[in-house]
Amino acid sequence: MKRTPSVVLGLCSYTHDSSAALLVDGELVGFVEEERLSEQKHTKLYPARAVRWLLDQAKLSAADVDALAYNFQPARYLAESAAALRMALSPMTRDRSLARAHGFAKVALRTQRRLRVLGSQFPSARVTPVLHHRAHQLTAFAASGWEEAAVLVVDSLGERQTTTMAQGHGVQHPRVRTLEAINDPASLGYVYGAVTEHLGWRRGDEEGTVMALAALGDPARFRHLFTGAVRTTATGFRIDPGYFPRRTLTSGYPRTSRRFVAETCPERHPSEPLTDVHRDLAAALQERTEQVMVHLARRARVLTGSRRLCLGGGVATNCVSIGKIIEAGVFDEVFVPPAPGDAGTAIGAALAVHVDRRSPRPVGGIARSCYLGPSYEDHPLDLTPWPGLRQKTLGIETAGFLADQLAHGTMAGLFQGAVEAGPRALGNRSILASPLEPGVVERLNATVKFREPFRPFAPMVPAERAAEFFTLGQAAPYMSMASGVTDLTRERVPAIVHANGTSRLQTVTRSQNPFMHAVLTAFGRRTGVPVLINTSLNVKGKPICGTPEMALDCLAHSGLDALLLEGRWITK
């Protein structure tokens, strides 16, 4: 009799960055964020397109799914609702106690209703809510491929938790054990989001812009404020509600206090110009974030005794902080998965259900994998909707052709293979440019990406030549770590060095991405510098292009010169 396979669908849905992952007998069929298919950045809608693609890939139907893993546990919110009432005992937090209790209870009930709705779509599936930080932990640890490591998750909020320190064990059957947890209101992600919003950018979307701005400011101006507002403790940190009032989970309650405004600056409207006070505020926030992240890493080292560290959660996308942890030498090696934010918890939630079933089937397809979404190698291409575009099919020397074009100053989009997991373009949905071209950063920001002029661009380099240009001292396959640079970089390719002296590096191996490694090698032969600028194939406010149609729109409506789409060279 034929054995029925175990089919676990992991979901991130209804909050932000909706996504889906599918495990069949422990093997990852795929993972994709809904925005890459729907064109709605950070969408919180049910990931219908992502689920449909995954089931099609596995040749399954909704009825074949026997387990549905969701990335939050509603009951955990109720525990915080009760605890919030104790805030009424303190004059500093009394005014928000009822609103906080109501907000957490409301989210608990709403999440429970959503689980019932999800379950109704999969008639054979048992719905299992997974603790949010456990999903983060499993995603980070399983993606590392390590047998054992410390796991540090730092985000804004998962049920009650904002920071957890755990230890992971096992490659084929990965398990994590939380050793210490920090609960809300002590939240580094909450503070960073609050200041992002105060500075005029979208919380939950543009924290990276604040990180870039920080390099242009002087942290000394507000250093004392942030040292007091975010105080380290022996086991973590705490937040002063006098600067950042308690979270309520309901609208209408500001995240910064009158005292914070009085001691810094009024809230900036997005249309207002940036001044030194905004730059200095960003610099002090970033500096304190880095200090606390290194402090947490040291705590994780003490708790676990591990020599390797995996990081997850939204704050793990702060690449400068990750670079500081590496620089501090707390661990021998540091790893950040390609999708450290909430989208990636779809993988971790599915993993949690798989391992809890004590299945003898080993986990596969997750370790050191980042190209996990749809591909379109044989997709027919009709340029009728884009009458200004022309195409020609290239021969077998595609990598050399692209390297030549880039060496001559072409700014080209690249659409090849499967969609990347996570927020970074990793050579399959990229915009590439030569860092040797005069004014390349200014042109990319102004005419291609349509974003702030101070935003830097990340370099990619063959892994075997990384040490010539960067001082990181370890692999950085997912563009998640800021590295110092060598004198050669400052001399030959200053365009990829940010104002703080770092670069958000991606190292590329032949096994990880053969085509991109070939392009970098060919570009190095032509120019003497095997380094390219790599930024995501999108413009500001739009998601990374997941489909050919999205990529063609990007070419047609931006300053891109050309697009290499699955062996076809498309120009205007």
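Residues numbered from 1 in each chain as written. Predicted model: local features only at pLDDT ≥ 70, side-chain atom pairs only at ≥ 80, totals over all residues. Heavy atoms only, no water.

**Student:** Run through the overall build of the chain, naming residues and quoting values.
**Tutor:** Looking only at helices and strands, the chain has 18 helices and 21 strands in total. Expected size for 572 residues packed as a compact globule is a radius of gyration near 25 Å; at 23 Å, the chain falls within 12% of this value. In terms of principal-axis extent, the alpha carbons of the chain reach across some 70 × 70 × 45 Å. For the chain, the proportion of its 572 residues judged to be buried stands at 61%. Partitioning the intrachain contacts of the chain with sequence separation of at least 6 by distance along the chain shows that 71% fall at a separation of at least 24. Working note: accessible area of the chain is about 22200 Å², and carbon and sulfur atoms make up 51% of it. For the chain, the distance from the average position of its 66 positive side-chain charges to the average position of its 53 negative side-chain charges is 5 Å. (Helix = DSSP H or I, 4+ residues; strand = E, 2+ residues; numbered from the N terminus. Rg over C-alpha atoms; globule rule 2.2 N^0.38 Å. Buried < 20%, exposed > 50% of the residue type's maximum accessible area, 1.4 Å probe, protein only. Contact = heavy atoms within 4.5 Å. Areas by Shrake-Rupley, 256 points an atom, 1.4 Å probe, with all protein chains shown as cover. Lys, Arg positive; Asp, Glu negative; His and termini not counted. Charge placed at Lys NZ, Arg CZ, Asp CG, Glu CD.)

**Student:** Which residues make up the nonpolar core, and what are the values?
**Tutor:** Counting residues in each nonpolar core, the largest one holds 124 residues, and the members touching the most others are Leu9, Phe226, Phe244 and Leu311. Residue contributions to this core peak at 11 residues, all from helix α10 (residues 276-304). Discounting residues that sit within four places of it in the chain, Leu311 has contacts with Ala140, Leu152, Met293, Ala316, Ile322, Ile325, Val334, Phe335, Val336 and Pro337. Membership of the second largest hydrophobic core comes to 43 residues, among which are Val151, Phe335, Ala343 and Met479. (Core = buried A, V, L, I, M, F, W, Y, C linked by side-chain atoms within 4.5 Å.)

**Student:** Quick one: what's the story with the environment of Pro494, residue by residue and with numbers?
**Tutor:** Looking at the secondary structure, you find Pro494 in the loop between α16 (487-492) and β18 (502-508). What makes Pro494 partly exposed here is its relative accessible area of 47%. The sequence separation of Pro494 and Gly312 amounts to 182 residues, and the corresponding C-alpha distance is 31 Å.

**Student:** Would you mind going over the packing of aromatic side chains in detail, with residue names and values included?
**Tutor:** A complete count under the given rule lists 11 aromatic pairs for this structure. Between Phe401 and Trp569, the ring centres sit 5.0 Å apart and the planes meet at 85°, which makes this aromatic pair edge-to-face. In this pair, Phe401 sits in helix α13 (residues 398-407) while Trp569 sits in strand β21 (residues 568-571), placing the two residues 168 residues apart along the sequence. Of the two residues, Phe401 and Trp569, neither departs from the other in class, the shared state being buried. For the cation-ring pair, Arg268 lies above Trp201, with the distance from its terminal atom to the ring centre recorded as 4.9 Å. Just above the ring of Phe415 sits the side chain of Arg429; from NZ or CZ to the centre is 3.6 Å. (Phe/Tyr/Trp six-rings, centres within 6.5 Å; stacked < 30°, edge-to-face > 60°. Lys NZ or Arg CZ within 6 Å of the ring centre and 35° of its normal.)

**Student:** Explain the sheet that holds strand β6 (residues 148-158) to me, using residue names and the numbers behind them.
**Tutor:** In space, the five strands of this open sheet follow the order β8-β7-β6-β11-β12, with mixed pairing throughout. This sheet does not close on itself; its edge strands, each paired only once, are β8 (175-183) and β12 (333-335). Direction aside, neighbouring strands of the sheet carry axes that sit 20° apart on average. As paired strands, β6 and strand β7 (residues 161-169) are joined by eight bridges and run antiparallel to one another. By the bridge assignment, Ala149 is partnered in β7 with Gly168. This element, helix α5 (residues 132-144), spans β6, β7, β8, β11 (308-312) and β12 of the sheet and lies at about 140° to β6. The strands touched by α10 are β6, β7, β8 and β11; relative to β7, the strand with the most contacts, the crossing angle is about 40°. (Pairing = 2+ DSSP bridges. Axes fitted to C-alpha atoms, helices over the stretch in contact; angles between N-to-C directions.)

**Student:** Could you give an account of the sheet that holds strand β13 (residues 390-393), naming the residues involved and the relevant values?
**Tutor:** Strand order in the open sheet formed by nine strands is β13-β21-β20-β14-β15-β19-β16-β18-β17, with mixed pairing between adjacent strands. Only two strands of the sheet have a single partner each, and these edge strands are β13 and β17 (481-484). Sheet twist, expressed as the mean angle between neighbouring strand axes with direction ignored, is 35°. Note that strand β14 (residues 412-415) and strand β20 (residues 562-565) share four bridges and pair parallel. Paired with Ala412 across the bridge in β20 is Ala562. Sheet strands in contact with helix α14 (residues 440-449) are β15 (429-433) and β19 (532-536), and its direction is about 135° off that of β15.

**Student:** Would you mind going over the pairing of β19 in detail, with residue names and values included?
**Tutor:** Within β19, five of the five residues are buried, which leaves it mostly tucked inside the rest of the structure. Examined bridge by bridge, β15 and β19 share four bridges and lie antiparallel to one another. Bridging from a neighbouring strand, Leu432 pairs with Asn534 of β19. The sheet contact formed by strand β16 (residues 458-462) and β19 spans three bridges and is antiparallel. Within β19, the residue paired with Pro459 across the bridge is Ile533.

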